[in-house]
Amino acid sequence: MHSKRLQREIDDLVAQGWTIEEETPDRVVLVDREFGSVLSHVLVAVLTVWFSMGLGNVAWGAYNYSSH
């Protein structure tokens, strides 16, 4: 059982967009995944769109989502 303070913090983070990945009585694992910034996708597109036809951006988004 989590303390009231910890439960409030968890509720606040979930309201901000974090997701509970794992929850046990001893700990809570929260993640905030994203696909990367607009600027990074524009840069990847400029550098790779001529030979990857957009797949570079898909790979970049998948990399950002899984690694962060």
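What comes next is a walk through the structure. (Residues numbered from 1 in each chain as written. Predicted model: local features only at pLDDT ≥ 70, side-chain atom pairs only at ≥ 80, totals over all residues. Heavy atoms only, no water.)

### Looking at the overall build of the protein
Which entries qualify depends on this criterion: Helix and strand definitions here come from DSSP, where helices need a minimum of 4 consecutive H or I residues and strands a minimum of 2 consecutive E residues; each element is numbered from the N-terminal end. Atoms considered for the radius of gyration are the C-alpha atoms alone. The globule rule reads 2.2 Å times the number of residues to the power 0.38. We call two residues contacting when some pair of their heavy atoms lies within 4.5 Å. Accessible surface is estimated by sampling points in the Shrake-Rupley manner with a 1.4 Å probe; for residues, cover comes only from the protein chains shown. Positive charges are assigned to Lys and Arg, negative charges to Asp and Glu, while His and the chain termini are left out of the count. For the purpose of locating charges, the reference atoms are NZ of Lys, CZ of Arg, CG of Asp and CD of Glu.
From N to C terminus, the protein includes three helices and two strands. The C-alpha atoms of the protein give a radius of gyration of 17 Å, which is well past the 11 Å a tight globule of 68 residues would have. In terms of overall dimensions, the protein has a C-alpha envelope of 55 × 20 × 10 Å along the principal axes. Taking the intrachain contacts of the protein between residues at least 6 apart in sequence as the baseline, contacts between residues at least 24 apart amount to 28%. With an accessible surface of roughly 5500 Å², the protein has 64% of that area assigned to carbon and sulfur atoms. Within the protein, one finds 5 positive and 9 negative side-chain charges whose respective centroids are separated by 6 Å.

### Let's talk about the pattern of salt bridges
Any two side chains of opposite charge can pair if their charged atoms end up close together. Here is the rule: For this document, the term salt bridge refers to a Lys or Arg side-chain nitrogen within 4 Å of an Asp or Glu carboxyl oxygen. Using a 1.4 Å probe on the protein chains alone, a residue whose accessible area is under 20% of its type maximum counts as buried, one over 50% counts as exposed, and one in between counts as partly exposed.
Under the criterion given, the structure shown has two salt bridges. Across the pair R5 and E9 runs a salt bridge, and its minimum N-O distance is 2.5 Å. Of the two residues, R5 and E9 are both situated in helix α1 (residues 4–15); the distance of four residues between them amounts to about one turn of the helix. A salt bridge links R27 to E22, with the nearest nitrogen and oxygen atoms 3.3 Å apart. What makes R27 partly exposed here is its relative accessible area of 46%.

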